[in-house]
Amino acid sequence: MKYLKILISLVLTIGIFYALNTKFGSIPPIGKFLNPYTGIWQNEGDDIIEGDIMIKGLSETVTVHYDEHLIPHVFAQNEHDLYKAQGYLTAKHRLWQLEFQTHAAAGRLSEIFGEGALEYDRSERRRGMGYGADQAIAYMEEFDRETLGFVQDYADGVNAYIEQLDPVDYPVEYKMLDYKPESWSPKKTALLLMYMTKMLAGYDDDLEYTNVLQKIGQKDFDLLFPDFFDITDPVIPKETDWSFVDVAQTPTPGSLAVLDTISETIEKPHPDNGSNNWAVSGSKSTTGNPILANDPHLGLNLPAIWFVMQLSTPEHNAFGATIPGALSVISGFNQYIAWGETNATRDVIDWYKIEFNEDRTKYKYDQGWKDVKVRVEDIKIRGKESFKDSVLYTHHGPVVYDKNFRSDNGRSGYAMRWIGHDGGNNQKTFIELNRAKNYDDYVNALQYWNAPAQNFVFASTEGDIALWIQGKFANKWEGQGKFLMDGSDPKNDWQSYIPQKFNAHTKNPERGFVSSANQHPVDENYPFYIFNDGYETYRNRVINDYFNSKDTFSVDDFKALHNNNYNLKASELLPYMINQIEESQLTEEELVVFKAIKTWQYNNDITEVGPSIWRQWYGKLYNLLWDELDDEELALTKPYTYQTIYLLKNHGDHKFMDIIETEDKTETAKDLFLIAFKEAVVRLNEIKEEKGNYNWLTYKATYAGHLLQALPAFSRFDIPIGGDRNIVNATSENHGPSWRMIVEMTSPPTAIGIYPGGQSGNPGSKYYDNFIDDWAKGNYHQLNFIQNGNANEGIIGTQTLIPLKNE
């Protein structure tokens, strides 16, 4: 009996040991995770910012000064060492984020999470993310070995850090998910850039537009989705003379849209991905120096999207926001120029219907048949056998939808033509911008940029300001790319590209400022076809009205504009809605809410209830109006905000005002206003019961969520910041200004900046989210632009990266 008890005890001990050190589903191996010597506790403490570090591959010593914000100021003697150091330091502070983003881009999340991520991975593989990264590497191998060498240097730096780690040192997320980092490579950098290209690829609604056209007809489609709104305040000033353009638009072949249906499309980029940027000339600045600002609007994540660095060699000295995984400063400045980006929202993705032969080895094209290429995607799944997905490729691009993925037609498919698949050399643009000294250098740097289409703003110490809408754009015939096209007709192919020099741009405009906020790039006079692909219509007008409102502007004026909470959208519809409401039709409870909204002055400040009422009222109204476009059997899209408001104010008796579920179908806009208001009051009172109030702070509840599904312990909730989508301070629930920067072009430039996060990726570090409170208040941090490696002002720690000599 004694031995039986011992045996049972031994079995239980082994079982408990196994359970504590084994991963079950999404649960980490708790024993490893909580081990006091190797687990999460080893990730606590401040980041080490002093001492000497031996790094393999360096040719000379690199000095790294850290300031009070944990911003590394890197001083190298050459660019190869500079980018090795950038890779090393980025990995040191952001290793898990660095790698996780490329796993997501490559469609490799099933390796970490198991079968639950398979559908996502298949989408990314079929989107051609890995294919596009391969094309980028192939391009650099053939045409730009220098840039490829720098990308390899960055990879060597990341790997130098990884090789120094013991499992005890792995970032906490690796321990939670029970996996380990793998070596970095140039392809991972290419994947990171593909990830950004996807995020900023525009709305890509060709398939949805095709179904809407089929459902409502051409006349109504043109009313709901015009190429230009009745008010256009474009990025490039309307008075721009385009007479220098000597290349004609591709003539229209007379092709018809292929009317087709599909019930579900792959995930689209976040609809609020955008940004603001602007610059004023010296004549419009209170100090006589040009001033430039940028604030990209992206997801509010922890670790934050951006990592701020200073990157210096004897030849150039750049400072600003970097993206973990990519080389150089992305939005920033050097001794001579400043630059920043906003999303240009151009249509760079088109869709083609493909007809296959019986065994799908060929597809129909130009009265004949072309060979299909097959890319076998081997998707590894944690705890299970790999899933192999054969993705068919045509000359258009990957066949995303076919009988094996979200379509049931065995003889047809839908191919994506995306400029992001064309390779190119986007990384070189930022390397050259970091080196640039003047306007000509800036223009030269932009020529390498293919996608995503971006509005690159510029200012220099020489006094120039400029803005180029940059990307590789097809020279399309009128209407091309709005709807699904017949992939067998050569006339539907992209026939040519708009020459780089004819991309829309402006330099030193007479009005004294340049700006962009994701609005329409040009007016109708631009000689190439650009249709209204979801362009912003409110932030841009607030910004331009602001700069037209007085003669000169200061850095403080720029701060105020970054944090401007004025809701132009509400101001243009809400008075009309209020005037249409007869108070006699409201209950006492509804009258309380109605009186509150009537006194609102259209500022989305955190103490106001007006923004909450407006959001609920307009949201209910929008859904009632566009109920015709609710169909689970079709992939559809709905009209943009501006045209919705235009229709409500100018076509209030249009047939779309009918509510489908009602029998008489005689509703007008006035009826919808009342119905929507009553529904909004019901929901607002529910929120009040749940949360105690519905002021804007409580209602919006802005948060910065950890990349692991907003893991609560590693996220920040209820951040007290105003604004909203369509507002200059474009902060919604989990999206907004991801990096605010203002640069005055003194010599050298002076700058301030802030972002919603912190420099460290370690949730146990005080530098993990220490910027968020100041960011929410609209405060900025002075960016300490050190001019040489011997300076120590504002420095709290210095590390020396020393070459590790081979024995």
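Since we're looking at a predicted model, the values are computed, not measured.

1. Section: the overall build of the protein chain
- Counting secondary structure elements, the protein chain contains 22 helices and 29 strands.
- Computed over its C-alpha atoms, the radius of gyration of the protein chain comes to 28 Å, within 12% of the 28 Å expected for a compact globule of 807 residues.
- C-alpha atoms of the protein chain, sized along the principal axes, occupy 80 × 80 × 70 Å.
- Considering only intrachain contacts with a sequence separation of at least 6, the fraction spanning at least 24 residues in the protein chain is 72%.
- Carbon and sulfur atoms form 49% of the exposed surface of the protein chain, whose accessible area is close to 31,700 Å².

2. Overview of the sheet that holds strand 21 (residues 505-507)
- Read from one edge to the other, the open sheet built from 11 strands follows the order 1-29-2-3-7-8-9-10-18-19-21, with strand pairing classed as mixed. Taken across any chain shown, the strands that pair with only one partner, and hence form the sheet edges, are strand 1 (51-56) and strand 21. The sheet shows a mean angle of 20° between the axes of neighbouring strands, direction not considered.
- As judged from the 3 bridges shared by strand 19 (residues 465-470) and strand 21, these two strands associate in the antiparallel manner. Bridge pairing links W468 to H505 in strand 21.
- Contacting strand 8 (317-322), strand 10 (337-343) and strand 18 (454-460), helix 12 (residues 426-435) crosses the sheet at an angle of about 150° to strand 10.

3. A closer look at the environment of S571
- One can find S571 in helix 16 (residues 568-580).
- We classify S571 as buried; its relative accessible area is 18%.
- It is 8.3 Å that separates the C-alpha atoms of S571 and Q601, two residues lying 30 residues apart in sequence.
- Residues within four places of S571 in sequence aside, it is in contact with Y566 and Y602.

4. What to know about the packing of helix 18 (residues 610-625) against helix 20 (residues 669-691)
- Two numbers describe how helix 18 lies on helix 20: the axes approach to 8 Å, and their chain directions differ by 130°. It follows from the interaxial angle that helix 18 and helix 20 lie oblique. Considering the relative orientation of helix 18 and helix 20, their crossing is right-handed. Only L672, F673, I675, A676, F677, E679, A680, R683 and L684 of helix 20 make contact with helix 18, whose side of the interface consists of S612, I613, Q616, W617, K620, L621, L624 and L625.
- Here the contact of helix 18 with helix 20 is composed, by residue class, of 12 nonpolar, 2 polar and 3 charged.

5. Quick notes on empty space enclosed by the protein
- Considering all chains together, one arrives at 9 cavities of 30 Å³ or more under this definition.
- Its boundaries defined by the atoms lining it, the largest cavity holds a volume of some 240 Å³.
- Lining the largest cavity are 22 residues, and of these M196, L200, I323, I330 and Q454 lie nearest its centre.
- Sorting the residues of the lining of the largest cavity by element identifies helix 9 (186-199), strand 4 (274-280), strand 5 (291-299), strand 10, helix 12 and strand 18 as the ones contributing at least two each.
- When the residues that make up the lining of the largest cavity are grouped by side-chain class, the tally is 13 nonpolar, 8 polar and 1 charged.
- Every residue lining the second largest cavity is counted, 20 residues in all, and those nearest its centre are A136, A190, L193, G423 and N426.
- Going through the elements one at a time, helix 6 (129-143), helix 9 and helix 12 are the ones with two or more residues in the lining of the second largest cavity.
- Looking at the lining of the second largest cavity element by element, the count peaks at 6 residues for helix 9.
- Of the residues assigned to the lining of the second largest cavity, the class counts are 10 nonpolar, 10 polar and no charged.

6. Quick word on the sheet that holds strand 6 (residues 301-302)
- The 3 strands lie next to each other as 6-23-24, forming an open sheet whose pairing is mixed. Whereas interior strands pair on both sides, the edge strands pair on one side only; in this sheet they are strand 6 and strand 24 (716-719).
- Here strand 23 (residues 702-706) pairs with strand 24 via 2 bridges, running antiparallel. What sits directly across from A704, in strand 24, is R716.

7. A short note on the packing of aromatic side chains
- Under the defined criterion, the tally for this structure stands at 51 aromatic pairs.
- With a centroid separation of 6.0 Å and an interplanar angle of 55°, the aromatic rings of Y170 and Y174 are classed as tilted.
- On the basis of relative accessibility, which here comes to 15%, the residue Y170 falls in the buried class.
- Between Y529 and F531, the aromatic rings sit 6.1 Å apart at their centres with planes inclined by 20°, giving stacked as the arrangement.
- For Y529, a relative accessible area of 8% gives the class buried.
- Under the relative-accessibility criterion, F531 is labelled buried at 6%.
- We note R511 situated over the ring of F513; from NZ or CZ to the ring centre the distance is 4.1 Å.

Reading the values: the criteria
- Counting of residues starts from 1 at the beginning of each chain's written sequence and follows it residue by residue.
- Predicted model: local features are reported for residues with pLDDT of at least 70 only, side-chain atom pairs are reported and counted for 80 or more only, and whole-chain, interface and lining totals are derived from all residues.
- As a rule here, side-chain values cover all heavy atoms of the structure and leave hydrogens and water aside.
- Here a helix means four or more residues in a row that DSSP labels H or I, a strand means two or more in a row labelled E, and each is numbered from the N terminus.
- Here the radius of gyration uses the C-alpha set of atoms, whereas the globule reference equals 2.2 Å times the residue count to the power 0.38.
- Should any heavy atoms of two residues lie within 4.5 Å, those residues are counted as being in contact.
- Exposure was quantified through the Shrake-Rupley algorithm and a 1.4 Å probe, taking into account, for residues, occlusion by the shown protein chains and nothing else.
- Two strands form a pair only when DSSP identifies at least two bridges running between them.
- Note on geometry: axes are lines fitted to C-alpha atoms, helical ones only across the stretch in contact, with angles between N-to-C directions running from 0 to 180 degrees.
- Residue burial is assigned from relative accessible area. The probe radius is 1.4 Å, only protein chains are included, and a residue is buried under 20% of its type maximum, exposed over 50%, and partly exposed in between.
- Any angle from 65 to 115 degrees is called roughly perpendicular, while one under 35 is roughly parallel, one over 145 is roughly antiparallel, and all others are oblique.
- By convention the crossing between two helices is left-handed if the near helix lies anticlockwise of the far one by an angle smaller than a right angle, and right-handed if it lies clockwise.
- Note on residue classes: Ala, Val, Leu, Ile, Met, Phe, Trp, Tyr, Cys and Pro are nonpolar, Asp, Glu, Lys and Arg are charged, and everything else, Gly too, is polar.
- The way it works is a 1 Å grid over only the protein atoms, where trapped points that fit a 1.4 Å probe form a cavity and open points with protein on both sides within 12 Å along at least five of seven lines form a pocket, and then any residue with an atom within 4 Å of a point lines it.
- Grid points are joined across faces, edges and corners, and a volume is the space filled by probe spheres set on the points.
- For Phe, Tyr and Trp, where Trp contributes only its six-membered ring, two rings pair if their centres lie within 6.5 Å, and the inter-plane angle classes them as stacked under 30 degrees, edge-to-face over 60, or tilted in between.
- Two conditions define a charge sitting above a ring: the NZ of Lys or the CZ of Arg must be within 6 Å of the ring centre, and it must be within 35 degrees of the ring normal.

Scope: geometric values only; no functional claims are made or implied.
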